[in-house]
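Coordinate inspection notes
Residues per chain are reported as follows:
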Amino acid sequence: MNIYVLSELSPLNHHIGWSCSYGLTEVLAETCKANLLYPRPRGYRSVAEVSGRPNVAKRLWQRYSKSWYQLDQLPTLGDGPNILLIVGLAGSFPMTIFTLKPILEQFDLRIAYVLDGFDANHFEQTLSSYLDHLFVISAEQAELIQERLSIPTSFLPLGFNTLPQPYSAHRTIDVIGYGRTQPDVHRCLQQHYNQNPQSQRLYFHSTFKGGDVHDRQEHNTLHNRLLGLSKVNLCFEVSAIARFCGQSPLLYRWLEGWAMGCAIVGKQPFGQGVAELMDWPDSTFELPDQEQEWIPFFEALLADERRLAQVSLRNYQECRRRHDWRYRVKSMFEQVGLPVPSQLQQEIMQLQQSVSAVADAPTQAKVLAADAALESVQSQREPVITKR
């Protein structure tokens, strides 16, 4: 079986917004020996700049021209079966299938997987003649696409490449927040912890504007390291963001937080099928609605070191048990009737074995230390009785 992947995550793409597809690309290349192809956009960018309405221009160009992406070189297909997989964040990215038009009929199966929210009403209708199956990250989205275009469409949640990630019970960052967050929550934490000279806690947050980095892999390594040193990671559901069209799927920041052993604080997504993806105890701590309750809430949670230690290890284990990209690729292949590559099967077994083998001695030591500290505090509060 030969797998060819049209990927939106080209080596020239240094935007951290595409980080969620980085691990998937790694897994596909390593376990499925996938051939990675990187189409690049053309044409519509200049139209968008002239019109000043990039979304409208983009859709017009998409509708009337099937060549607004280009591929520098067509791949040489093997003896077969030849499988085409299109992976991107943009709902328009499956249009890159037309960069392979001269050899498109030679593929035995053509699949697309869109990793972000998009408006189903703007999904190109002509793709129904070319795609054999479409995967999306929202169950509601899958139903809309299938009803509108009759493309076989399935809900496939996002994943994370958990296998290479170590676990650490040693955490020095109290709260981490990055990228899109709630401005009021950010302001509250920044003022109370970072601007307050009396505070001993650290709220680590991003201060950049824009998403490009010098080296994407270097950034991912640093980001995972920071998460691995953090007690709490802020995450908020996204139904109010335009591109999600009122839907509330499980997003990547939950997965990377769990995978690195963070407790998640924020607002839990409520999309169809999401509750089953995060149904273990304390998978998310719901932030109170009232601002005056936020600091007392964080203080109570951060002071409960024993509970945080248990949540940290549990989140790490559950993410490895449920949400690795290898499970998603296996599910995809099974749904479209493809054999699961032996390397993928082996790494899934390795992953499952690692869950039970995670050494919890550091966590147990931290729990015992927290208990000892609590006993010490309680003993200091007891009145001293002296004999007369």
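Structure's up top.
The text that follows walks through the structure, step by step, so that each part is easy to find. (Residues numbered from 1 in each chain as written. Predicted model: local features only at pLDDT ≥ 70, side-chain atom pairs only at ≥ 80, totals over all residues. Heavy atoms only, no water.)

This part is about the overall build of the chain. Along its length, the chain carries 12 helices and 13 strands. Of all intrachain contacts in the chain linking residues separated by at least 6 positions in sequence, the fraction that spans at least 24 positions is 72%. Carbon together with sulfur atoms contributes 50% to the accessible area of the chain, which is approximately 19000 Å² in total. (Helix = DSSP H or I, 4+ residues; strand = E, 2+ residues; numbered from the N terminus. Contact = heavy atoms within 4.5 Å. Areas by Shrake-Rupley, 256 points an atom, 1.4 Å probe, with all protein chains shown as cover.)

Right, let's get into the pairing of strand β6 (residues 109-114). Burial analysis of β6 places six of its six residues in the buried class, the great majority of the element. Neither face of β6 is left uncovered, since the one carrying Leu-109, Ile-111 and Tyr-113 and the one carrying Arg-110, Ala-112 and Val-114 both have all their residues buried. Sheet topology places strand β5 (residues 82-88) next to β6; six bridges connect them, and they run parallel. Across the sheet, residue Gly-88 finds its bridge partner in β6, namely Val-114. Judged from the four bridges that link them, β6 and strand β7 (residues 133-136) form a sheet pairing that is parallel. Following the sheet pairing, Tyr-113 is matched in β7 by Phe-135. (Buried < 20%, exposed > 50% of the residue type's maximum accessible area, 1.4 Å probe, protein only. Pairing = 2+ DSSP bridges.)

Attention shifts here to the sheet that holds β5. Across the sheet, which stays open at both edges, the six strands sit in the order β2-β1-β5-β6-β7-β8 with parallel pairing between neighbours. The open sheet has two edge strands with one neighbour each: β2 (35-37) and β8 (153-155). Pairs of neighbouring strands in the sheet enclose a mean axial angle of 20°, with direction left out of account. Across the sheet, helix α1 (residues 20-32) touches β1 (2-7), β2, β5 and β6, and the angle it forms with β1 is around 165°. (Axes fitted to C-alpha atoms, helices over the stretch in contact; angles between N-to-C directions.)

Quick look at the environment of Gly-17 now. Take Gly-17: it is sitting in the loop between β1 and α1. Put simply, Gly-17 and Gly-211 are 194 residues apart on the chain and 6.6 Å apart in space, counted from C-alpha to C-alpha.

With that settled, the discussion passes to helix α5 (residues 183-194). In this model α5 runs 15 Å from its N-terminal to its C-terminal C-alpha over 12 residues, within 8% of the 16 Å that 1.5 Å per residue would give. Looking at α5, one finds that the buried residues are Val-185, Cys-188, Leu-189, Gln-190 and Tyr-193. Its buried side turned inward, α5 meets β9 (173-177), β10 (203-205), β11 (230-236) and α8 (294-303). (Expected span 1.5 Å × (residues − 1).)

With that out of the way, let us pick up the sheet that holds β10. In space, the five strands of this open sheet follow the order β10-β9-β11-β12-β13, with parallel pairing throughout. In the strand order of this sheet, the two ends are held by β10 and β13 (285-286), each with one partner. Note that β9 and β11 share three bridges and pair parallel. Along β11, the bridge assignment pairs Ile-176 with Asn-233. Against the sheet, α5 contacts β9, β10 and β11, and its axis sits at roughly 130° relative to β10. α8 rests against β9, β11, β12 (263-267) and β13 of the sheet, and its axis sits at about 140° to β11.

Counting residues in hydrophobic clusters, the biggest one holds 49 residues, and the most contacted among them are Tyr-113, Leu-115 and Trp-258. Every element with two or more residues in this core is listed here: β1, α1, β5, β6, α7 (252-259), α10 (325-335) and α11 (342-357). Sequence-distant contacts of Leu-115, defined by excluding residues within four places in its chain, comprise Cys-20, Ser-21, Leu-24, Val-87, Gly-88, Leu-89, Ile-137, Leu-158 and Trp-325. (Core = buried A, V, L, I, M, F, W, Y, C linked by side-chain atoms within 4.5 Å.)

To continue, consider unusual backbone geometry. For Lys-33, which is not glycine, the phi torsion reads 50° and is therefore positive. With respect to the helices, strands and loops of the structure, Lys-33 is situated in the loop between α1 and β2. Residue Ser-150 is not a glycine yet carries a positive backbone phi of 60°. Tracing the chain through its elements places Ser-150 in the loop between α4 (139-149) and β8.

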